[in-house]
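Report on the structure
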Amino acid sequence: MRALVVVAVLVVTFGHNALPTSAAGILDGLRDNVASTSLAWLTRSMQIATVLFGIVMTTTFVIAIVRYAALNHTLEGFGHAFMELFIQIIPAFVIISAATTLLPNVANFANAISGEITGTPVTGPSEIVNLGTAMCGTILGTAWGAVTSTNLLSVVGVAPYLLVTALVLCGIIMAAFTLIAFEYFFCFAQAYVRLSIKAINLGWLAGSGTKHMAEEFLAEAWSAVMRIVITVAVVGLIVSFVPAMAKIAATGDVKAMILSWLQLGASAVFAALLAWKV
């Protein structure tokens, strides 16, 4: 009976004090810390990239002058070759000048795009965890209501199993939604960290023989954007499932309750695997 009392307290507590989905949480703060820290990394990476860009550009111009003089034995007419080389450098200069402004906003830009596409914006990983917490509150409250309304407390062995089953299901749901939130957080963290550190490769844009390294970085930046868009879209899809899942959680029929809980647990696990696979 002591165990039952403890379970009952947990049921009442979680059933009536579930976190609101709009509450800011630790995960959102952690994401913001990663963003602010990586911004400092990006600033230093871009400083090095700018210096590297100048060195590579100067070396490219010097090599072009030496090669032109060696082939033509004069610098007469080099102005045309210089202008052609200068025009090729302009796009690279524009990219490296704009990168400091654009790269810190890549994740937010991708998140906004995904929200526009799916119509289900996700504010952060804490929202996902709060959705799971609220659903668990509904399950536990429903279980407690079923136990008290049907007087299952008087039936030896039935009430504890029902309440423990609800707690186990809530553990599964919280684990599933935590995995979904982690995938959401991880795609942002990876984009912030990798792009901030590897931004130094933009310095190679100034050389025709080295620009492929910078182009690989730009391709990775776009890939990071697409990964965020797809991940947020999948999370938005999962969030759109929540109302139907919550309806199942609120089932009041005791006979149908266990089966509906099994469906709900399977749905949560399925959603987590979907987010993980994507």
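Residues numbered from 1 in each chain as written. Predicted model: local features only at pLDDT ≥ 70, side-chain atom pairs only at ≥ 80, totals over all residues. Heavy atoms only, no water.

**Some words on a nonpolar patch on the surface**
A contiguous nonpolar patch, built from F82, M83, F86, I87, I90 and V94 and spanning about 540 Å² of accessible area, is present on the exposed surface. With respect to the secondary-structure elements, M83 resides in helix α3 (residues 78–102). (Patch = residues over 30% accessible without salt bridge, like charges linked within 9 Å, V, L, I, M, F, W, Y side chains within 5 Å. Areas by Shrake-Rupley, 256 points an atom, 1.4 Å probe, with all protein chains shown as cover. Salt bridge = Lys/Arg side-chain N within 4 Å of Asp/Glu carboxyl O. Helix = DSSP H or I, 4+ residues; strand = E, 2+ residues; numbered from the N terminus.)

**Examining the packing of aromatic side chains**
What the rule picks out here adds up to 3 aromatic pairs. Aromatic side chains F53 and F93 sit 6.4 Å apart centroid to centroid with 50° between the ring planes, which places their arrangement in the tilted category. Residue F53 is located in helix α2 (residues 26–72), and its partner F93 is located in helix α3; the two are separated by 40 residues in the primary sequence. Of the residues examined, F53 reaches a relative accessible area of 4% and is grouped as buried. F93 sits in the partly exposed class, given a relative accessible area of 49%. With centroids separated by 5.7 Å and ring planes inclined at 25°, the aromatic side chains of F182 and F186 adopt a geometry described as stacked. Of this pair, F182 and F186 both sit in helix α6 (residues 158–198), 4 residues apart, which is roughly one turn of the helix. Given a relative accessible area of 33%, F186 falls into the partly exposed group. (Phe/Tyr/Trp six-rings, centres within 6.5 Å; stacked < 30°, edge-to-face > 60°. Buried < 20%, exposed > 50% of the residue type's maximum accessible area, 1.4 Å probe, protein only.)

**Quick look at the side chain of S196**
By the element assignment, S196 lies in helix α6. You can call S196 buried: its relative accessible area is 5%. Only 3.0 Å separates the side chain of S196 from the backbone oxygen of S38, close enough to count as a polar contact. Those residues in contact with S196 that sit more than four places away from it in its chain are S38, W41, L42, S45 and A191. (Polar contact = N/O pair within 3.5 Å; in protein donor to acceptor, adjacent residues only side chain to side chain. Contact = heavy atoms within 4.5 Å.)

**What about the layout of surface pockets?**
Of the voids in this model, the largest pocket is the one considered here, and its volume is about 550 Å³. Together, 25 residues line the largest pocket, and T60, A64, L85, Q88 and S208 are the ones closest to its centre. One number sums up the size of the second largest pocket: a volume of about 300 Å³. L102, L103, V106, L218 and A221 are, among the 14 residues lining the second largest pocket, the residues nearest its centre. (1 Å grid on protein atoms, 1.4 Å probe; cavity = no way out; pocket = protein on both sides within 12 Å on 5 of 7 lines; lining within 4 Å. Points joined across faces, edges and corners; volume = space filled by probe spheres on them.)

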